[in-house]
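# Architecture at a glance
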Amino acid sequence: MPVPRLIPIAHEPGHRTDTIGRYDEGLFLASAWDHHAYVHRFDHDGTYRDSTITRVPHRGALSEALDGLLASLPGKAYGDIAVRLFQTRQDGVVFGLVDESGDRAGDGSHVGWVELYPDRLGFHEPWDGLYDT
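Note that this is a predicted model, so its numbers are computed, not measured.

Here we come to the sheet that holds strand S6 (residues 77-78). Here we have 5 strands laid out as an open sheet, ordered S5-S4-S3-S2-S6, and antiparallel in their pairing. Of all strands in the sheet, those with a lone pairing partner are strand S5 (48-55) and S6, marking the two edges. Of the strand pairs in this sheet, strand S3 (residues 26-33) and strand S4 (residues 36-42) are connected by 7 bridges, and their pairing is antiparallel. In the sheet register, leucine 29 faces S4, and the bridge partner there is histidine 40. Running at roughly 20 degrees to S4, helix H1 (residues 62-71) makes contact with S3, S4, S5 and S6 of the sheet.

On to H1. The α-helix advances 3.6 residues per turn, and as a result positions three or four apart in sequence lie on the same side. What H1 keeps buried is the set Leu62, Ala65, Leu66, Leu69 and Leu70. Seen from one end, H1 has its buried residues packed into an arc of 135 degrees, which puts them on one side. Across H1 from its buried face, at more than 90 degrees, point the exposed residues Ser63, Glu64, Asp67 and Ala71. For H1, the elements touching its buried residues are S3, S4, S5 and S6.

Now for the pairing of S3. Of all 8 residues in S3, 6 are buried; the element is thus mostly enclosed. Sheet analysis places strand S2 (residues 20-23) next to S3, joined by 4 bridges and oriented antiparallel. Considered in S3, the bridge of isoleucine 20 is made with leucine 29. Two successive antiparallel strands, S2 and S3, enclose a turn made up of 2 residues.

Each aromatic ring pair is characterised by the separation of its centres together with the angle its planes make. Applying the stated criterion across every chain, the model contains 7 aromatic pairs. Centre to centre, the rings of phenylalanine 42 and phenylalanine 86 are 5.2 Å apart; their planes meet at 80 degrees, and the pair counts as edge-to-face. Separated by 44 residues along the polypeptide, phenylalanine 42 in strand S4 and phenylalanine 86 in strand S8 (residues 86-90) bring together distant segments of the chain. On the basis of relative accessibility, which here comes to 6%, the residue phenylalanine 86 falls in the buried class. Judged by centre distance (4.7 Å) and plane angle (10 degrees), the ring pair of tyrosine 48 and phenylalanine 86 falls under stacked. Residue tyrosine 48 is found in strand S5, and its partner phenylalanine 86 is found in strand S8; the two are separated by 38 residues along the sequence. In this structure an aromatic cluster arises from ring pairing among Tyr23, Phe28 and Tyr78.

Rules and cut-offs
Residues numbered from 1 in each chain as written. Predicted model: local features only at pLDDT ≥ 70, side-chain atom pairs only at ≥ 80, totals over all residues. Heavy atoms only, no water. Pairing = 2+ DSSP bridges. Helix = DSSP H or I, 4+ residues; strand = E, 2+ residues; numbered from the N terminus. Contact = heavy atoms within 4.5 Å. Axes fitted to C-alpha atoms, helices over the stretch in contact; angles between N-to-C directions. Buried < 20%, exposed > 50% of the residue type's maximum accessible area, 1.4 Å probe, protein only. Arc of directions from axis to C-beta. Phe/Tyr/Trp six-rings, centres within 6.5 Å; stacked < 30°, edge-to-face > 60°.

Bear in mind that shape data such as this cannot, by itself, settle questions of function.
Here you go:
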């Protein structure tokens, strides 16, 4: 099965996709990784608009930085989303949802696979929004 045009991502409270959902202007996907807190914004149809990526000097400040980014989203409501592939870079780090389909096992078989960077969450068939790490 080929990679779908819109990649579903399930909202899982208390897990790594607990800060995704909708806001007045579209959809959002937010997280914290290493020394970065970020929010990616999409239109209502799941097309990437832009990102705000904040580098913090100490990992202990990540939660506060992420909370600040989330507070900037008017009408925020957490829930499932479906977005298109996208990619951006900051501080030499790739942020995005990247198609990595191909022979992942080295056995000649083709696997449809999309990876969320830098979080390293993998999405694949049955394209139900759940991820592998």
